[in-house]
Amino acid sequence: MSNNTNVRIYEYDAVIVGAGLAGLAAAKELTEAGKRTAVITKLHPLRSHSGAAQGGINAALGAEDSTELHEFDTVKGSDYLADQDAVELMCTKAPETIRWAEHMGAAFSRDAEGNIAIRPFGGQSKPRACYAKDRTGLAVLQAIYEQAFRAGIEVFDEWYVADLLYKNDKVYGVSAYNIRNSEPAIFNAKVVMFATGGHARAFRFNSNAHANTGDSLSIVARHGLPLEDMEFVQFHPSGLGGSGVLISEAARGEGGRLFNALGERFMTKYAPNAMELASRDVVSRAIMQEVREGRGVGKDKQSVNIDLTHLDPQIILTRLPELRELAIAFQGQDMLKEPIHISATAHYSMGGIPTTINCEVRKNPIQTVEGFYAAGECSCVSVHGANRLGANSVLEALLFGRHAGENMVKKLNEGIKLKKATKEDANQMLEEIRRIKTSNGNERVSALRAELQAGMTEKAGVFRTKISLEEQLSHINALLQRFKNIRIDDKSNTFNTDLQEAIELGHMLEFSKFIVYGALIREESRGAHFREDFPKRNDEKFLKHTYAYMDNEFNITHEWGDVVITKFEPKERSY
Amino acid sequence: MKFNNETRKVTIKAFRFNAETDYLPYIKQYELEVGKDDLVLDLMNRIKWEHDGSFSYRRSCRHGICGACGIKVNGKPVLACKQNAIELLDMFDNDITLEPQSKKRVIKDMIIDKKDFWEKHAKVKPYVVANVESHPTKETKQSIEAFDALLNSDLCIQCGNCHYACPSLEANPDFLGPAALNAAYRFSIDTRDNASEERLKLTSKPNIGVWDCVKCFECAQACPKDINPIEKITKLHNMQFEYGIAERNIATKHAEGFVRSMKKHGFLDEADIVVYSEGYLGMYKHLKTAYKMMKAGKIHFTDGLPFVDNVPKSKNLSEIQKLIKISQTNKL
């Protein structure tokens, strides 16, 4: 297959990789502006993980709420690492964005007046999470897909993007293959956007979809472009005890209480004011601390209880029906009758591909790459800083996805030129596929992946130390070597998911190294990143964004980027 | 068979076929240890990761919200990531075969070509037809009742389980099927939408629309989200009458015939319903069936003759008539 004669070259104005909220919102803007746009996804758009968001999407719609308050909560939640200009843009545009989604047909729950219903969420000073029962992401994803479909977007579903076309500071397309028949192609475009979502699959205990393997991060990094703040991975307090599948923060928002094995409502110790509704990093550490001190429940005492039995059953049945079903399906526990076992689960990536406030990808802290955009979880515009607030991710994806689309339209209208691609541009992808298919070693992809995931959860998880991180770093280096010695069973060209999982593992190993590296050099504790050997935040040294770069031998280097601070000076953070 | 508290050792069969390399499909067996919390998707993962990497299936979210992993187990439609494995093993006496949703559409193992599913979906205008304001300062008001009227039709995750379980669809490829009809309902009932009439016209067409549903309830059984598509199909029937879109044809006359018979006798007059919906000439098509029904005592040879009323009357006839009067919302 490394022969490139059968590589087809498609030409578009814009190519978007990923078809969740961010990708579809951009595609809709571009298509409606008359730009020839291709959306490429390794799934079907409606299978995107945006649809898994449960609890809500933030906008200051409440009578007592304000966008400024939303900004403050977001910045405080971020442990002051968020870029405040981007936060301001997001919070100011949040109300119109949610209403836009509503106009598109999103089936939001309603209050008695017929307005979009709102509920409290962690780390928020007012009820602010607009919701559609406990399937908010699904409602919004469906609405944006439906209207994008109506606008006539062109989707290449079940296509795998394997490489970025990048030369002389300019991006001009991607190479990809059709998963159905392995047919390779070049998507040559004037502007390219990455909107590929999260990468918490790198952890053993995680809430993410199988698809969330963070492919685009290492695709970018392989070209010497930086990744920003990768050490900040959010651990969600309420993953189901056995599987890590998420029980939304709405469970706490609606009044769920946390108890340890002794029946103590332990949040009184960790966040006496906000209690269960403290920020996610705070609650996750509290849970894991209880578990570490032997007060856990369930299998191997690795969980704590969340109790909703004191709530009116109607609240659970009408506002949390999916959550109830999940707990029944996954661990046979009915929240109407008994407490549910939960534990902190790797959930969301604050870091990613660095972008400007207009979603242009950065080449370094000061320069950008021409024709290249990113939005949503794979990107780091930095609205979440060191810790994201619940119900801000769906907002970010939809809002910045659209914003990226608008900026791409603008760029195209300014007359950006197409740099012609050639068939040779597919060579790197074809070589990667050939190498994996013909590699005849004795390592199995699934075994290497399990080792990576176990190490990430254990050594680069909720609690980190210099020693644990160094161990994980050398473990990853060893895995990268062993990865060269794999063998896959499937050599066919039809739906070769064996091949795909191998390619994805390659990506996971590489971006995981960024996570561990970033955690090692950041000798402080901030937001979701907690160093037991440096338990305090250190603004003097580390009120900075990490920009890390990888060379061909997977060696990583870094530099620091400035944090944008406008309205809110860093203060101590307590809940 | 070995049993203990935690796990059970079983042999799982899987349908295998690769359209690229295989002439015929075959069944392969895998020895697996199954735990009490294991889901069908866990078993598929273990087959792929520990036994044979070429075993292929679609999956993503692993908690029942993306709709990628719909398959069949012993012919029963399941969403692999939501279906407990032990439950199925108990149901089928530890003998289960993993199969694709539709064998004739298989590309590889569990993966089928869903083109027909998406085409049907696209036909019903699956979106709210309204002018979407770009920068709205207000949301559209919608009452809680109006939201509730969606009846969870918006929860459909397009897994295709109902679509590939529907026998009508299997027999008539033009039929829209339960998933697309559920979508037709979801958007038509939405207070923000302006295309319900168009959708109702489409779904009232013979051969395509709701009248080809045979009310077997397979779709309700197959749906992993408990959406109950047939309920939505029934709602569409009613809406077609409410909007005055239902045309006078065999199908609507058939529905009307039911009410007519109930009103008259409190019982179903099997012969009359045929005569009423298809006319005397149409009736002759069914003589063979009529003969069988006569032998089974379901109809009498004088049935269907004009001016002969030999159907017994229910002793609760007046009550039934009252009930019809109270509950009937549509003028047939």
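Treat the numbers as computed from the prediction; the structure is a model and nothing was measured.

Cut-offs applied
- Residues numbered from 1 in each chain as written.
- Chains lettered and ligands numbered in written order.
- Predicted model: local features only at pLDDT ≥ 70, side-chain atom pairs only at ≥ 80, totals over all residues.
- Heavy atoms only, no water.
- Helix = DSSP H or I, 4+ residues; strand = E, 2+ residues; numbered from the N terminus.
- Rg over C-alpha atoms; globule rule 2.2 N^0.38 Å.
- Contact = heavy atoms within 4.5 Å.
- Areas by Shrake-Rupley, 256 points an atom, 1.4 Å probe, with all protein chains shown as cover.
- Expected span 1.5 Å × (residues − 1).
- Buried < 20%, exposed > 50% of the residue type's maximum accessible area, 1.4 Å probe, protein only.
- Pairing = 2+ DSSP bridges.
- Buried area = accessible area lost by both parts, 1.4 Å probe.
- Salt bridge = Lys/Arg side-chain N within 4 Å of Asp/Glu carboxyl O.
- Polar contact = N/O pair within 3.5 Å; in protein donor to acceptor, adjacent residues only side chain to side chain.
- Axes fitted to C-alpha atoms, helices over the stretch in contact; angles between N-to-C directions.
- Domains from an automatic or database assignment.

What about the overall build of chain A?
And step 1. When its secondary structure is counted, chain A shows 16 helices and 20 strands.
And step 2. For chain A, whose C-alpha radius of gyration is 22 Å, the value lies close to the compact-globule estimate of 25 Å for 575 residues.
And step 3. Within chain A, residue pairs in contact and separated by at least 24 positions form 75% of the contacts whose partners lie at least 6 positions apart.
And step 4. Per element, the accessible surface of chain A, about 18,100 Å² overall, is 47% carbon and sulfur.

Thoughts on helix α9 (residues 229-242) of chain B
Residue and element names in this part refer to chain B.
And step 1. End to end, α9 covers 20 Å across 14 residues, agreeing with the expected 20 Å (1.5 Å per residue, within 8%).
And step 2. Taken residue by residue, α9 has P229, I230, K232, I233, L236, H237, M239, Q240 and F241 as its buried positions.
And step 3. Along its buried surface, α9 packs onto α6 (177-188), α7 (196-203), α8 (218-222) and α10 (250-265).
And step 4. G244 sits one or two residues past α9 and shows a positive phi near 70°.

Quick notes on the pairing of strand β8 (residues 170-178) of chain A
Residue and element names in this part refer to chain A.
And step 1. Taken across its nine residues, β8 has nine buried, putting it largely inside the fold.
And step 2. Alignment of strand β7 (residues 159-167) against β8, held across eight bridges, turns out to be antiparallel. Across the sheet, residue D163 finds its bridge partner in β8, namely S175.
And step 3. What sits between the antiparallel neighbours β7 and β8 is a turn of two residues, in which N168 has the positive phi angle 50°.
And step 4. Inspection of the sheet shows β8 paired to strand β9 (residues 184-194) by five bridges, in the antiparallel sense. Counterpart to S175 in the pairing with β9 is I186.
And step 5. In sequence, β8 turns back onto β9 through a hairpin of five residues, with S182 there showing a positive phi of about 65°.

A closer look at the interface of chain A and chain B
And step 1. Opposite the 66 residues of chain A that make contact, chain B presents 69 residues.
And step 2. Broken down residue by residue, the surface that chain A buries against chain B is led by R47, H103 and H210 of chain A, which jointly contribute 14%.
And step 3. Across the contact surface, chain A and chain B share nine salt bridges.
And step 4. Residues E501 of chain A and R59 of chain B are paired through a salt bridge, measuring 3.5 Å at the closest nitrogen-oxygen approach.
And step 5. Taken together, the connections running from chain A to chain B amount to 46 residue pairs in polar contact (both at pLDDT 80 or more).
And step 6. Those elements that place two or more of their residues in the side of chain A that touches chain B are α3 (84-104), α4 (136-151), α10 (321-331), α11 (393-413), α13 (445-459) and α15 (497-521) of chain A.

What to know about the sheet that holds strand β20 (residues 556-562) of chain A
All names here are of chain A.
And step 1. Spatially, the three strands line up as an open sheet ordered β10-β19-β20, and their pairing is antiparallel. Only two strands of the sheet have a single neighbouring strand rather than two, namely β10 (227-228) and β20.
And step 2. Where β10 lies against strand β19 (residues 544-550), two bridges are found, and the strand directions are antiparallel. Bridge pairing in β19 places L227 opposite A548.
And step 3. Its contacts with the sheet put α15 on β10, β19 and β20, and the angle it makes with β20 is roughly 60°.

Quick word on the sheet that holds strand β3 (residues 70-73) of chain B
For sheets, the rule is that strands pair by backbone hydrogen bonds, running either parallel or antiparallel.
Residue and element names in this part refer to chain B.
And step 1. Reading across from one edge, β2-β1-β5-β3-β4 is the order of the five strands in this open sheet, with mixed pairing throughout. Edge positions in the sheet fall to β2 (26-35) and β4 (76-79), since each has one partner strand and no second. Each neighbouring strand pair of the sheet contributes to a mean axis angle of 35°, computed without reference to strand direction.
And step 2. Sheet analysis places strand β1 (residues 7-16) next to strand β5 (residues 96-99), joined by three bridges and oriented parallel.

A short note on unusual backbone geometry
And step 1. The backbone phi angle of E158 of chain A is positive, close to 55°, even though this residue is not glycine.
And step 2. Examined against the element boundaries, E158 of chain A turns out to sit in the loop between β6 (154-157) and β7.
And step 3. For N228 of chain B, which is not glycine, the phi torsion reads 60° and is therefore positive.
And step 4. One can find N228 of chain B in the loop between α8 and α9.

Some details on the domain arrangement of chain B
And step 1. When its domains are assigned, chain B resolves into domain 1 (8-112), domain 2 (115-129 + 145-242) and domain 3 (250-327).
And step 2. Measuring from the centre of the C-alpha atoms in domain 1 of chain B to the corresponding centre in domain 3 of chain B gives 47 Å.

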